[in-house]
Amino acid sequence: MKVLELMERVGSTDTNLMIVWVKDAINILQSNYKDSLTATKQNIVQNQRDYDLPAGFVSIHSVSVLDTEDDDKYKSIRRISGDHFVTEDTSP
Amino acid sequence: MSKFVDRYWVYDIQGRKLHLWKIRRFDDNVPTTSGELFSDAKSNFLVYPPEAITNGLRIEHTSISNPFTSNDPESVAESSLSEDASPTESSYINLSRLLTLAVVDYVRAMLAEKGGNIEGKEYYMRQFYKKASDNESNKRKVLMCGTMSPYAIR
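An account of the accompanying structure is given in this report. (Residues numbered from 1 in each chain as written. Chains lettered and ligands numbered in written order. Predicted model: local features only at pLDDT ≥ 70, side-chain atom pairs only at ≥ 80, totals over all residues.)

Attention now moves to the overall build of chain A. Helices and strands together make up the secondary structure of chain A, namely 2 helices and 5 strands. Secondary structure of chain A in N-to-C order comes out as α-α-β-β-β-β-β. A compact globule built from 92 residues would reach a C-alpha radius of gyration of about 12 Å, whereas chain A, at 20 Å, exceeds it by more than 25%. Seen along its three principal axes, the alpha-carbon backbone of chain A occupies a region of about 60 × 35 × 20 Å. Buried residues in chain A amount to 20% of all 92 residues. Across chain A, contacts joining residues at least 24 apart in sequence account for 24% of those joining residues at least 6 apart. (Helix = DSSP H or I, 4+ residues; strand = E, 2+ residues; numbered from the N terminus. Rg over C-alpha atoms; globule rule 2.2 N^0.38 Å. Buried ≥ 20, exposed ≤ 12 C-beta atoms within 10 Å, placed from the backbone. Contact = placed C-beta atoms within 7 Å.)

Below you can see the structure in the form of structure tokens.
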């Protein structure tokens, strides 16, 4: 469906506002229903804990790490919660 | 050299950062600076990633990628769609037909809210979520059938 058809259906002539609201609606859909998934990869750096979440990130589906000892398979890892005993590691 | 990653690697999300940790077991012997193998931990604990792995971290997620396209997503395959970075009235909304109709309801809800019609907004938001849920349940059709016994009365 074109943006023009949407505007005709709702009876509006404000294109910019329609485009912004369509983006908002897509954001809600991606947040709740995982309509389309994207996978991004980044390097793991030794002794570095913090990694950027991908640009345009809405909701997470899975996080995996490359297992080089098992045919280079990416395997899902678990999420931990709560306070950690180690808060900063200066000599991993 | 990473192995058993599903058992020993964990993550956490804090704000806009992903924190990556490795679990070091209490009985793991770790060489000290003098080369001595040593373990004095009383329980498992977390360490920063002890090794560099090229393309080692994979994050699967939803995002707002290509919200508008210059060709029709209903007639062109997903992989052949080209993004319309500067959308206009002639751009296509990159969603399935049912989800696009849900978006129409969302826009109606926003228009109702803008006009001070809160009841109307609530009505259209219900329609929005109903269509979004229908789209989701369409992917989970389950066919159940059972055999009929030979002498069953029909």
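Examined against the element boundaries, Asp52(A) turns out to sit in strand E2 (residues 50-52). The exposure class assigned to Asp52(A) is exposed, which follows from the 12 C-beta atoms found within 10 Å.

In this model, helix H2 (residues 15-33) of chain A (19 residues) spans 26 Å end to end at C-alpha, consistent with the 27 Å of a helix rising 1.5 Å per residue. When H2(A) is considered as a whole, its buried residues turn out to be Met18(A), Ile19(A), Trp21(A), Val22(A), Ala25(A), Ile26(A), Leu29(A) and Gln30(A). For H2(A), the secondary structure elements touched by its buried residues are helix H1 (3-10) and strand E3 (57-67) of chain A together with strand E6 (53-63), strand E8 (92-93), helix H2 (97-114) and helix H3 (118-137) of chain B. One or two residues past the end of H2(A) sits Lys34(A), with phi positive at roughly 50°. (Expected span 1.5 Å × (residues − 1).)

We now examine the pairing of E3(A). In terms of strand pairing, E3(A) meets E6(B) through 7 bridges, oriented antiparallel. Its bridge partner lying in E6(B), Val63(A) is registered against Ile59(B). When E3(A) meets strand E4 (residues 73-76) of chain A, the two strands line up antiparallel, connected through 4 bridges. Along E4(A), the bridge assignment pairs Leu66(A) with Tyr74(A). The loop that links E3(A) with its antiparallel partner E4(A) comprises 5 residues; one of these, Asp71(A), has a positive phi angle of about 60°. (Pairing = 2+ DSSP bridges.)

Just distances and angles here, no functional claims.
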